[in-house]
Amino acid sequence: MKISPLAGKPATPGMLVNIPKLITAYYSDVPDPKVVAQRVAFGTSGHRGSAFTSSFNEWHILAITQAICMYRKINKIDGPLYMGMDTHALSVPALASALEVLAANWVDVMIAGMDEYTPTPVISHAILTYNKGRKTGLADGIVITPSHNPPHDGGFKYNPPNGGPADTIVTSWIEAKANELLEHGLKGVVRISLEKALHAATTHKHDYLNTYIADLGNVVNMDAIRNGNIRIGVDPLGGAGVHYWEPIAERYGLNLTVINKDVDPTFRFMTVDWDGQIRMDPSSTYAMQSLIGLKDKYDISFACDTDHDRHGIVTKSAGLLPPNHYLSVCISYLFQNRPHWHKEAAIGKTIVSSQMIDRVTAQLGRKLYEVPVGFKWFVDGLLDGSLAFAGEESAGASFARLDGSIWTTDKDGFIPALLSAEITSVTGKDPGEIYQGLTKEFGAPVYDRIEAPATAEQKKLLSALSPKQIQITDLAGEKIENIITIAPGNKASIGGVKVSTKSGWFAARPSGTEEIYKIYGESFLGRDHLDKILKQAQEIVDNTLSKG
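Here the residue numbering is sequential within each chain, running from 1 through the sequence in written order. In keeping with the predicted nature of the model, local features appear solely for residues at pLDDT of at least 70, side-chain atom pairs appear and are counted solely at 80 or more, and the whole-chain, interface and lining totals rest on all residues. Heavy atoms from the whole structure form the basis of all side-chain values; hydrogens and water molecules are not counted.

Asks: Pulling in residues and values, what's your account of the sheet that holds strand 23 (residues 516-523)?
Replies: DSSP bridges decide pairing: two strands pair if at least two such bridges lie between them. Numbered from the N terminus, helices here are DSSP runs of H or I no shorter than four residues, and strands are runs of E no shorter than two. Spatially, five strands are ordered 17-23-22-21-20 in an open sheet, and the strand pairing comes out antiparallel. Looking at which strands have only one partner, the edges of the open sheet turn out to be strand 17 (446-453) and strand 20 (482-486). Shown here is a sheet whose adjacent strand axes are inclined to one another by a mean of 15°, direction ignored. In this sheet, strand 23 lies alongside strand 22 (residues 504-510) in antiparallel orientation, the contact comprising seven bridges. Bridge pairing in strand 23 places phenylalanine 506 opposite glycine 521. A contact between two residues is defined here by any heavy atoms of the two lying within 4.5 Å. Lines fitted to C-alpha atoms define the axes, with helix axes restricted to the stretch in contact, and inter-axis angles between N-to-C directions lie between 0 and 180 degrees. Most of the contacts of helix 16 (residues 456-463) go to strand 22, to which it runs at about 140°, and overall it touches strand 17, strand 21 (493-500), strand 22 and strand 23.

Asks: Explain the packing of aromatic side chains to me, using residue names and the numbers behind them.
Replies: Stacked, tilted and edge-to-face are the three classes assigned to paired rings of Phe, Tyr and Trp, where Trp is represented by its six-membered ring and a pair needs centres within 6.5 Å; plane angles under 30 degrees give stacked, over 60 edge-to-face, the rest tilted. Applying the stated criterion across every chain yields a total of 17 aromatic pairs. Geometrically, the ring pair formed by tyrosine 212 and tryptophan 407 is tilted, given 5.5 Å between the ring centres and 55° between the ring planes. Of this pair, tyrosine 212 sits in helix 7 (residues 208-215) while tryptophan 407 sits in the loop between strand 16 (396-399) and helix 14 (414-427), placing them 195 residues apart in sequence. The exposure classification of tyrosine 212 matches that of tryptophan 407, with both residues buried. Relative to phenylalanine 399, the ring of phenylalanine 389 has its centre 6.3 Å away and its plane inclined at 10°; by these criteria the two rings are stacked. A residue pair is termed long-range when its members are at least 10 positions apart, and phenylalanine 389 in strand 15 (residues 387-392) and phenylalanine 399 in strand 16 qualify at ten residues. The pair formed by phenylalanine 389 and phenylalanine 399 is uniform in burial state, with each residue classed as buried. One aromatic cluster is present, formed by Tyr212, Tyr244, Trp245, Phe302, Trp407 and Phe414 through successive ring pairs. Charges are assigned to positions over rings by a cutoff of 6 Å between ring centre and Lys NZ or Arg CZ, combined with an angular limit of 35 degrees from the ring normal. Taking the ring centre of phenylalanine 524 as reference, the NZ or CZ of arginine 359 above it sits at 3.5 Å. Partly exposed residues are those whose accessible area sits between 20% and 50% of the maximum for their type, while under 20% is buried and over 50% is exposed, using a 1.4 Å probe and protein chains only.

Asks: Break down the environment of isoleucine 61 for me, with residues and values.
Replies: Relative to the helices and strands, isoleucine 61 is located in helix 2 (residues 58-74). Counting along the chain gives 19 residues from isoleucine 61 to proline 80, while the straight-line C-alpha distance between them is 19 Å. When near neighbours in sequence (up to four residues on either side) are disregarded, isoleucine 61 contacts Tyr26, Phe56, Ala94, Ser97, Ala98 and Phe156.

Asks: Please provide a residue-by-residue account of the packing of helix 1 (residues 19-28) against helix 3 (residues 91-104), values included.
Replies: Two elements in contact, helix 1 and helix 3, have axes separated by 10 Å at closest approach and are oriented at 25°. Considering the angle they form, helix 1 stands roughly parallel to helix 3. Note on packing geometry: the crossing formed by helix 1 with helix 3 is right-handed. Of the residues in helix 3, those in contact with Ile23, Tyr26 and Tyr27 of helix 1 are Pro93, Ala94 and Ser97. We call Asp, Glu, Lys and Arg charged. Ala, Val, Leu, Ile, Met, Phe, Trp, Tyr, Cys and Pro are nonpolar, and the rest, Gly among them, are polar. When the residues that make up the contact of helix 1 with helix 3 are grouped by side-chain class, the tally is five nonpolar, one polar and no charged. Should an angle fall under 35 degrees it is taken as roughly parallel, and over 145 as roughly antiparallel, whereas 65 to 115 is taken as roughly perpendicular and any remaining angle as oblique. Each crossing gets its hand from how the near helix is turned against the far one by less than a right angle, where anticlockwise is left-handed and clockwise is right-handed.

Asks: Explain the nonpolar core residue by residue, including any values.
Replies: Side-chain atoms within 4.5 Å are what join buried Ala, Val, Leu, Ile, Met, Phe, Trp, Tyr and Cys residues into a set we call a nonpolar core. The biggest cluster of nonpolar side chains holds 65 residues, and the ones touching the most others in it are Trp245, Ile248 and Phe389. Every residue in contact with isoleucine 248, bar those within four places of it in the chain, is listed here: Ile213, Leu216, Met222, Leu254, Phe414 and Leu418. By size, the runner-up hydrophobic cluster in this structure holds 49 residues, among which are Ala63, Val109, Ile142 and Ala178.

Asks: If you had to explain the environment of isoleucine 174 to someone new, which residues and values would you point to?
Replies: If you trace the backbone, isoleucine 174 turns up in helix 5 (residues 168-183). Relative accessible area serves as the criterion here: at 0%, isoleucine 174 is assigned to the buried category. Separated by 105 residues in sequence, isoleucine 174 and cysteine 69 have C-alpha atoms that sit 9.5 Å apart. Setting aside residues no more than four positions away along its own chain, isoleucine 174 makes contact with Phe42, Ile64, Ala67, Ile68, Tyr71 and Tyr158.

Asks: How would you sum up the side chain of threonine 315? Please name residues and give values.
Replies: You can see threonine 315 is positioned in strand 11 (residues 311-315). Residue classification places threonine 315 among the buried positions, given a relative accessible area of 0%. For threonine 315, the side chain forms a polar contact with the main-chain nitrogen of alanine 318, separated by 3.0 Å. Apart from the residues lying within four places of it in its own chain, the contact partners of threonine 315 are Lys295, Ile300, Leu321, Asp430, Pro431 and Gly432. We define a polar contact as two N or O atoms separated by no more than 3.5 Å, with the added condition that, inside protein, one atom must be a possible hydrogen donor and the other a possible acceptor, whereas residues neighbouring each other in sequence contribute only through side-chain atom pairs.

Asks: Provide a residue-level description of the pattern of salt bridges, including the pertinent values.
Replies: A pair is scored as a salt bridge if a Lys or Arg side-chain nitrogen falls within 4 Å of a carboxyl oxygen belonging to Asp or Glu. Scanning the entire structure with this criterion turns up 24 salt bridges. Aspartate 140 is paired through a salt bridge with arginine 72; the nearest N and O atoms lie 2.9 Å apart. Here aspartate 140 is found in strand 5 (residues 140-144), whereas its partner arginine 72 is found in helix 2, with 68 residues between them in sequence. For the residue pair aspartate 140 and arginine 72, the accessibility class agrees, reading buried in each case. We note a salt bridge from aspartate 273 to arginine 279, for which the minimum N-O separation is 2.9 Å. When sorted by exposure, aspartate 273 lands in the same class as arginine 279, which is buried.

Asks: Explain helix 7 to me, using residue names and the numbers behind them.
Replies: Here helix 7 has its buried residues at Tyr208, Leu209, Tyr212, Ile213 and Asp215. Around the axis of helix 7, the buried residues are gathered within 165° of arc, so they sit on the same side. Check the buried side of helix 7 and you find it contacts strand 3 (81-85), strand 4 (109-112), helix 4 (120-131), strand 7 (203-206), helix 9 (245-252) and helix 14. Directions drawn from the helix axis to the C-beta atoms are what define this arc.

Set out below in structure tokens:
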């Protein structure tokens, strides 16, 4: 990846999105369904796009929402729909558009009072809380967020009654129906005015914030954090959890400081990400420069992305922990400090997460459940209790309550963040120090990822790679032990290939949301060995793409 000279530096005025123009484009521009880039497309996390490119406009939201209403009716989902939004500029108009359609379709909608923002995990928590013990009248939800994407983007996600991200069967149906509505000029979309929708008998205000916060003590040991009296710093990165952190501190008596309380749709307070764009990614050292600079002021500090489903942990000992490092620490700590968790409950990881997790899991005597990229693959396991922890390399995770029962089936940035404070309080070491202890026991892996542009045809070729196409028998001087295209945990296609040796591995796959491909690699023998792995992986990918 080519790093921008602006990476890690404060955003300049010239980088800031023109919000009035963006909102005008949302309402005025009409997408052309004949143009692929302007159609509804559900990737790994819902439909995303920008009003500036006619990929996220009012027509998209009206069509998707009507399709969701149709899906609910066909599948007899007739309980309340919990709807929340993050702080991106396009989230407010998208919520208004969606509400107009939902009210016209007589859907009972639960929205936050006082135009409050609602994080992704809070919606999942609300759905599961409502549905507990029910067989009929089940609830579902919509989250309006493009996650950590740049300020000009918008996103729209559907969570079915299982509370997690909808699987491809569901999203494919909604996507097809929404595009059909677009092709027919929105004929079939029912809507009423926003004013009528807001005052409709089916529109209800729900106290998301206090309901969620009151339950946090059942998933994280808040007493231990309070008794430790450690200094905690948190940066919500201007996201949907901005008004949650102070009530959390007040309710549980935590010595917690919210470093940045600003909400600004331009996100002018951010430092620029690796590619010169503003991006609220808590796992990026470039985007997290402000918090990293304060690491010695707090015993532990952390941030979450815009919809608060990802975490970034900053320690005194190591600065910002890479997601793979912290996931390993979480697993090691949780499975030794949650005595009520079921002895057979497994650990979920994505195919491109660190092998350190495999080694920690083996030492704990637990089963590893390895799946393709995407948190949706963990939903069933979290729901039925067969998974007590699920995490992915992009800093998303969720885990069971203290008693072993379900917490959320979507990623939750709050609880891994608060867990870092619990770990620090209980052990007297920050997560960076604990990870160093793990490396002494299991080795110190070096991990990296490469991204590069790829056409749709090239992405198709890469996703169809088979073990037979990998002609080499050695990788970076070691005998290849395994070549897979199917995830061991759930036997689903990984949409690419993973090649492993005793001391390292690489995986290559196309992105599900962008016109790029990604190569992930890891070595337990050091940086030079990893560079050799990545070089060979790149040669394999280049050879594959050259046939496109």
